[in-house]
Amino acid sequence: MTERIGVYVCHCGTNIAGVVDVAEVSKWAGERLAHQGVVVSRDYKFMCSSLGQELIQKDIKEFGLTRVVVAACSPHLHEATFRNACKEAGLNPYLCEMVSVREQVSWVHTDKEAATEKAKALIAGGVARVAHNEALEPLRVPIHADTLVVGGGIAGIQAALEIADAGFHVYLVEREPSIGGHMAQFDKTFPTLDCSACILTPKMVQAGSHPNITLLTWSEVTKVDGYVGNFVVSINKKARYIKTEDCTGCGICWEKCPWKVTDEVFEVGMAKRKAVYVPFPQAVPKYPVIDAVNCAYFLKGTCKACEKFCPTNAIDFNQQDETITVQVGNIILATGYDLFDARRIPQYGYGRLDNVYTNLEFERLCNAAGPTGGNIVLRDGKTVPKAVGIVHCVGSRDQNYNAYCSAICCMQSLKFAHLVHERTGADVYNFYIDIRTPSKGYEEFYQRLLEEGTHFVRGKVAEVTDFARTPEEEGRLVIQVEDTLIGKQRRIPVDMVILSAGLQPRHDAKETGKMFGIACSSDGWYIERHPKLDPVATMTEGVFIAGCVQGPKDIPASVAQGAGAAARVLGKIQQKEIALEPVRASINEAQCSGCRICNGLCPFSAILFHEDKMVSEINPALCQGCGTCVAACPAGAISGTCFSNEQILSQIEGLLLLNLDVKEEAAV
């Protein structure tokens, strides 16, 4: 063998050494794989430590190593660590191969003898493969300084402001007429009970007037092309039928509009709005939108009251949708969440029993700018409830709907209980599975509610009904529940029920994710690059996530993640260029038959088809080296860097220990 290979096996404390005989594996590799080019084999307690890396660097220089195999944790976690160690010792980093003996061996096996043998086989495969590795250089692409932020909720606003304040331009796209997201609908925020509008509005105004932010509301992204540093994004800017350059936001148009419709978006069906409207008084931008679906002019060709009374002639019924194309270097997705549809649990009576509310409906009910001016009353608009039941975990922590915890429901329900106490003096019953108050100040808020006299009933609500069994239940809602703390079934009559519905991914999350080249988990939330160490990046370079698109979280966590995503983007912008992994696929045009099978399979839209030459071509900046096209090509015209046939077949032989059998037969 012409290659000189070093093998390094990590104990990883007891993570690996607790199941695998690391010393035996290291000794075996040095003796049995010597004919494969192994000249040194060592084990060490923590190979990723500074001392462990120095050990590898020392051996590279002393033994003249041309290849390195590290048997340790997942390459996803530490491949960059050991590549950098090799690079500092003068060895091309792509001549280092990692073998996962933690995730693939010690963490999935209990039989120590079998685990040790499997570790040997994996290392044999790694040694056979690394001999065919090639020295590579990273691909460098320039970074366009502009950034696209999709979603104008609190996470998107925070991300946009962080980047804009650093002196770089941001396109902030929001599908609704105003930024603000769900937070704009809330009354108070837990645990400090700050007015939601009071803390959100300054940020909205700042984003709307910032010289480095182009605000594109009433707009949606329709197409994304390109790659990190050079994305080309098409945005459909829907017609407002308002000339914003002339509009002063005076409000005369919606005051004079005679047509009212139920507001299903901002007021969640609790109030009506005009056909020309702004979603709420603090809306940013201040310009109204004409709802063409419900406007009498678009339906019947009559009315035009708004146009007649507008003092600045800002109404333009001939306005058309506009497609805007922008070039950006990075993208942040902060499109938020949808509320679980409580109608899916019919036994809770939502949509059937008048005085059953969802959490978002109650937010509007107790909001000073809401349909009742902040008065907590029943559907008749005047009766103040004397007893209120709040049901936790509606649609969450339920194997029939969403198995995950929605993170905000406990604190949200405690907030509702406080507001009911404060404004009505009613008895409040909180029906919970477990109380979860893990963040700063949350447990203190829970204790405060206990002191206020809130009744806590531990048990999953079975039914909300208006069927009365006793005179006390007549004309009221009855909550049927098993109180697990006392071990009894209870029927508790109340006047109002609030369903604390959970959070779930946007209804179009999968389609949006596909457009941006990222994937969703089984629950539908966008998948981060690493759940602990990189929660804002995705597997598509240059696309980041923030807020509830990654999973349920409260306002402080959303703000922090928005700022974190902005920090990652700023880091790339300030580098001016980025080094991409050279592990990419390429097409041999002479072998390409033009069948286009690969074009439709590429999850990153990295393959182009040239009609003139009838061959496909891979854009290396877009390619992520997944290998889908390599496996699918019927002509064998596509090859993957670091995944050649020689490397894969050699690794398979090593895994099966066939190279050892050949050596023993030759010796005989």
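In what follows, the structure referred to is the one given above.
Residues numbered from 1 in each chain as written. Predicted model: local features only at pLDDT ≥ 70, side-chain atom pairs only at ≥ 80, totals over all residues. Heavy atoms only, no water.

K.L.:
What should I look at first to understand the overall build of the protein in this one?
P.N.:
Within the protein one finds 19 helices and 34 strands. On the principal axes, the C-alpha backbone points of the protein span a range of 95 × 70 × 45 Å. Relative to its full complement of 668 residues, the protein shows a buried share of 53%. Put simply, of all contacts in the protein between residues at least 6 apart along the chain, 69% involve residues at least 24 apart. When the accessible surface of the protein is totalled, it reaches about 29800 Å², and 50% of it is carbon and sulfur. The positive charge centre, built from 66 side chains, and the negative charge centre, built from 77, are 3 Å apart in the protein. (Helix = DSSP H or I, 4+ residues; strand = E, 2+ residues; numbered from the N terminus. Buried < 20%, exposed > 50% of the residue type's maximum accessible area, 1.4 Å probe, protein only. Contact = heavy atoms within 4.5 Å. Areas by Shrake-Rupley, 256 points an atom, 1.4 Å probe, with all protein chains shown as cover. Lys, Arg positive; Asp, Glu negative; His and termini not counted. Charge placed at Lys NZ, Arg CZ, Asp CG, Glu CD.)

K.L.:
Mind showing me how you'd approach helix α14 (residues 509-516) here?
P.N.:
Think of an α-helix as 3.6 residues a turn; residues three or four steps apart then line up on the same face. All of the buried residues in α14 are A509, T512, G513 and F516. In a view along the axis of α14, the buried residues occupy a sector of 100°, so they form one face of it. Exposed positions of α14 whose direction lies more than 90 degrees from the buried face are K510, E511 and K514. Tucked into the core, α14 has its buried residues touching β6 (147-150), β11 (219-227), β18 (330-333), β28 (503-505) and β29 (543-545). Directly after α14, the chain includes G517, whose backbone phi takes a positive value near 75°. (Arc of directions from axis to C-beta.)

K.L.:
Got a minute to help me understand the packing of aromatic side chains in this structure?
P.N.:
Remark: the centre distance and the inter-plane angle together describe each pair of aromatic rings, the angle taken between the planes. Going through the model one piece at a time under the given rule, you end up with twelve aromatic pairs. Measuring from ring centre to ring centre gives 6.4 Å for Y429 and F431, while their planes differ by 20°; the resulting arrangement is stacked. Neither residue differs from the other here; Y429 and F431 are each classed as buried. Of the aromatic side chains, those joined through ring pairs into one cluster are Y241, Y297, F298 and F317. Residue placement shows R379 over the ring face of Y357; its charged tip is 4.0 Å from the ring centre. The residue whose ring lies beneath K415 is F186, and the NZ or CZ to ring-centre distance is 5.4 Å. (Phe/Tyr/Trp six-rings, centres within 6.5 Å; stacked < 30°, edge-to-face > 60°. Lys NZ or Arg CZ within 6 Å of the ring centre and 35° of its normal.)

K.L.:
Which parts of the structure should I look at to understand the sheet that holds strand β25 (residues 477-483)?
P.N.:
Sheet strands line up and pair through hydrogen bonds in the backbone, either parallel or antiparallel. Reading across the sheet, the three strands line up as β24-β25-β26 and stay open at both edges, with antiparallel pairing between neighbours. A strand with exactly one partner marks an edge of an open sheet, and here the two such strands are β24 (461-465) and β26 (488-494). Sheet twist, expressed as the average angle between the axes of neighbouring strands with direction ignored, equals 20°. One ladder, built from seven bridges, connects β25 with β26; its direction is antiparallel. Residue pairing for β26: Q480 is matched across the bridge by R491. (Pairing = 2+ DSSP bridges. Axes fitted to C-alpha atoms, helices over the stretch in contact; angles between N-to-C directions.)

K.L.:
What is the right way to look at the packing of helix α6 (residues 154-165) against helix α15 (residues 555-575) in this model?
P.N.:
Helices that pack against each other are described as a pair by the angle of their axes relative to one another and the distance between those axes. One way to put it is that α6 packs onto α15 with a least axis distance of 8 Å and a crossing angle of 35°. Our pair here, α6 against α15, has a crossing hand that is right-handed. Together, I154, A155, Q158, A159, E162 and I163 of α6 and S558, V559, G562, A563, A566, V569 and L570 of α15 make up the contact between the two elements. Classifying every residue of the contact of α6 with α15 by side-chain character gives nine nonpolar, three polar and one charged. (Left-handed = near helix turned anticlockwise from the far one by under 90°. Nonpolar A, V, L, I, M, F, W, Y, C, P; charged D, E, K, R; others polar.)

K.L.:
Help me understand a nonpolar patch on the surface, please; the structure alone is not making it clear to me.
P.N.:
A surface patch of nonpolar side chains, amounting to about 600 Å² of accessible area, comprises F643, I648, L649, I652, L655, L656 and L658. Broken down by element, the nonpolar patch gets its largest block of residues, four residues, from helix α18 (residues 645-655). Looking at where I648 falls in the secondary structure, it is placed in helix α18. Classification of I648 as partly exposed rests on a relative accessible area of 30%. (Patch = residues over 30% accessible without salt bridge, like charges linked within 9 Å, V, L, I, M, F, W, Y side chains within 5 Å. Salt bridge = Lys/Arg side-chain N within 4 Å of Asp/Glu carboxyl O.)

K.L.:
In this structure, what is going on with the environment of Y171? I would like to understand it.
P.N.:
Within the secondary structure, Y171 sits in strand β7 (residues 170-173). In this structure, the C-alpha to C-alpha distance between Y171 and V377, residues 206 residues apart in sequence, is 42 Å. In contact with Y171, other than residues within four places in its own chain, are D146, T147, L148, V149, T214, L216, V326, Q327 and V328.

K.L.:
Could you clarify how one ought to interpret the side chain of S558 in this entry?
P.N.:
Inspection of the secondary structure assignment puts S558 in helix α15. Not counting chain neighbours up to four residues away, the residues in contact with S558 comprise I154, A155, G547, C548 and K553.

K.L.:
Help me understand the pairing of strand β30 (residues 577-580) in this model?
P.N.:
Every second residue of β30 is oriented toward a common face, the buried set being I578 and L580 and the non-buried set E577 and A579. Where strand β5 (residues 139-142) meets β30, four bridges bridge the pair, whose relative direction is antiparallel. Each residue of the ladder has a partner; that of P142, found in β30, is E577.

K.L.:
Explain the sheet that holds β18 to me, please; I cannot follow it from the model alone.
P.N.:
Pairing is parallel in the open sheet, where five strands are placed in the order β10-β7-β6-β18-β29. Each edge of the sheet is formed by a strand with only one pairing partner; in this case those strands are β10 (213-216) and β29. Strand-to-strand twist of the sheet, defined as the mean angle between neighbouring strand axes without regard to direction, takes the value 20°. Here three bridges tie β18 to β29, and the two strands are oriented parallel to one another. Bridge assignment links L333 to a residue of β29, and that residue is I545.

K.L.:
I would appreciate a short explanation of α18 in the present structure.
P.N.:
Taken together, the buried positions of α18 are Q647, S650 and G654. Projection of α18 onto a plane perpendicular to its axis shows the buried side chains occupying an angular sector of 75°, all on one side. The exposed set on the far side of α18, more than 90 degrees from its buried face, consists of N645 and L649. With its phi angle positive at about 60°, L657 sits one or two positions after the end of α18.

K.L.:
Got a minute to help me understand the side chain of S500 in this structure?
P.N.:
Mapped onto the elements, S500 comes out in strand β27 (residues 496-501). With a relative accessible area of 0%, S500 lands in the buried category. A distance of 2.7 Å separates a polar atom in the side chain of S500 from a polar atom in the side chain of Q412. Apart from residues no more than four positions distant in its own chain, S500 is found in contact with N359, V391, H392, C393, V394, C409, Q412 and S413. (Polar contact = N/O pair within 3.5 Å; in protein donor to acceptor, adjacent residues only side chain to side chain.)

K.L.:
Teacher, can you tell me more about the environment of A407 here?
P.N.:
For A407, the position within the fold is in the loop between β21 (387-394) and α12 (409-424). With 231 residues separating them in the primary sequence, A407 and I638 have C-alpha atoms 46 Å apart. Beyond its immediate stretch of four places on either side in the chain, A407 contacts P552 and K553.

K.L.:
Explain the pattern of salt bridges here, please?
P.N.:
In a structure, side chains of opposite charge can pair up when their charged atoms sit close to one another. By the definition in use, this model includes 35 salt bridges. One salt bridge in this structure joins E577 and R140, with 3.8 Å as the shortest N-O distance. Residue E577 is found in strand β30, and its partner R140 is found in strand β5; the two are separated by 437 residues along the sequence. When its relative accessible area of 36% is taken as the criterion, E577 is described as partly exposed. Residue class for R140 comes out exposed when judged on its relative accessible area of 51%.

K.L.:
What exactly am I supposed to notice about the state of the cysteines here?
P.N.:
In a disulfide, the sulfur atoms of two cysteines are covalently bonded to one another. This model, assessed by the stated rule, comprises zero disulfides. Residue C295 stays outside any disulfide, its sulfur separated by 6.1 Å from that of C306, the closest cysteine. Taking the relative accessible area as the measure of exposure, C295 reaches 8% and is therefore buried. Summary of cysteine pairing: C602 is not part of a disulfide, and the nearest cysteine sulfur, belonging to C626, is at 6.1 Å. (Disulfide = S-S within 2.5 Å.)

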